[in-house]
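Understanding the architecture of this molecule
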Amino acid sequence: MSANDPFARLPEAAFFTVTSTAVTDGAAWPPEQHSSGVPGGKDVSPQLSWSGAPDGTKSYAVTVYDPDAPTGSGFWHWAVADIPATVTELPEDAGDDTGSGLPEGAFQLPNDARAARFIGAAPPAGHGPHRYFVVVHALDVESIGVPVDSTPAVLGFTMAGHILGRAVLTATAETPA
């Protein structure tokens with residue numbers, strides 16, 4: 001695992017809480033949250049619940065990022081923008097091909113596999129453990145204003161000046177050699 005901290009150069013933000021029925025912070029992803037290209041993997045986005053967001057939150061974004069991918073830039077597995085501030089939970093598999101579990105107005109951006117959906121963990125065999133940062137970003141705008149075909153990196157850049165708080169859950173995965 002690398003020491004890469006995806007938040008090291010971002011503005012400070014208040015912390016709030018995110019939990020999941022699928023995975024505990026610091027634990028391994030269950031098979032459902034692995035890529036369908038991995039035996040037993042199903043590309044099912046995890047259930048997420050959050051609470052304690054800062055006052056002034058007008059919307060949320062959710063991202064799932066692997067900074068340990070051997071790309072030089074990590075790997076974005078999921079990005080959802082424009083989740084209304086009244087929503088504090090996403091059901092399991094909200095990140096399917098249609099985004100059927102997302103609230104009205106929210107949308108998925110293409111991940112690094114160029115699919116606008118959740119794609120599960122699939123670290124290269126023998127590469128060691130990878131960390132997956134599941135982050136709920138509390139924002140000070142109702143709409144972040146990025147096009148639906150933007151990349152998660154563009155979303156992150158656009159959000160940087162609008163983040164009031166961050167709720168972080170870290171999952172892990174490893175594919176044996």
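Each remark here, short or long, concerns the structure printed above.
Residues numbered from 1 in each chain as written. Predicted model: local features only at pLDDT ≥ 70, side-chain atom pairs only at ≥ 80, totals over all residues. Heavy atoms only, no water.

1. Remarks on the sheet that holds strand E3 (residues 48–51)
Strands sit in the order E2-E3-E6 across an open sheet of three strands; the sheet is antiparallel. Only two strands of the sheet have a single neighbouring strand rather than two, namely strand E2 (17–19) and strand E6 (89–90). Sheet topology places E3 next to E6; two bridges connect them, and they run antiparallel. Bridging from a neighbouring strand, Leu 48 pairs with Leu 90 of E6. (Pairing = 2+ DSSP bridges. Helix = DSSP H or I, 4+ residues; strand = E, 2+ residues; numbered from the N terminus.)

2. Remarks on helix H1 (residues 152–159)
Among all positions of H1, only Pro 152, Leu 155 and Met 159 are buried. Down the axis of H1, the buried set is contained in an arc of 55°. They therefore lie on one face. On its buried face, H1 is in contact with strand E4 (59–66), strand E5 (75–84), strand E8 (130–139) and strand E9 (163–173). (Buried < 20%, exposed > 50% of the residue type's maximum accessible area, 1.4 Å probe, protein only. Arc of directions from axis to C-beta. Contact = heavy atoms within 4.5 Å.)

3. A short note on the packing of aromatic side chains
Scanning all chains against the criterion turns up seven aromatic pairs. Judged by centre distance (6.4 Å) and plane angle (75°), the rings of Trp 29 and Phe 118 are edge-to-face. Of this pair, Trp 29 sits in the loop between E2 and E3 while Phe 118 sits in the loop between strand E7 (107–108) and E8, and the two are 89 residues apart along the sequence. Overall, Trp 29 belongs to the buried group, its relative accessible area being 5%. Its relative accessible area of 1% is what places Phe 118 among the buried residues. With 4.4 Å between their ring centres and 40° between their planes, Tyr 65 and Trp 76 make a pair best called tilted. You can see Tyr 65 sitting in strand E4 and its partner Trp 76 sitting in strand E5, a full eleven residues away along the chain. Of the two residues, Tyr 65 and Trp 76, both sit in the buried class. The structure contains a cluster of three or more aromatic residues connected by ring pairs, namely Trp 29, Trp 78, Phe 118 and Tyr 132. (Phe/Tyr/Trp six-rings, centres within 6.5 Å; stacked < 30°, edge-to-face > 60°.)

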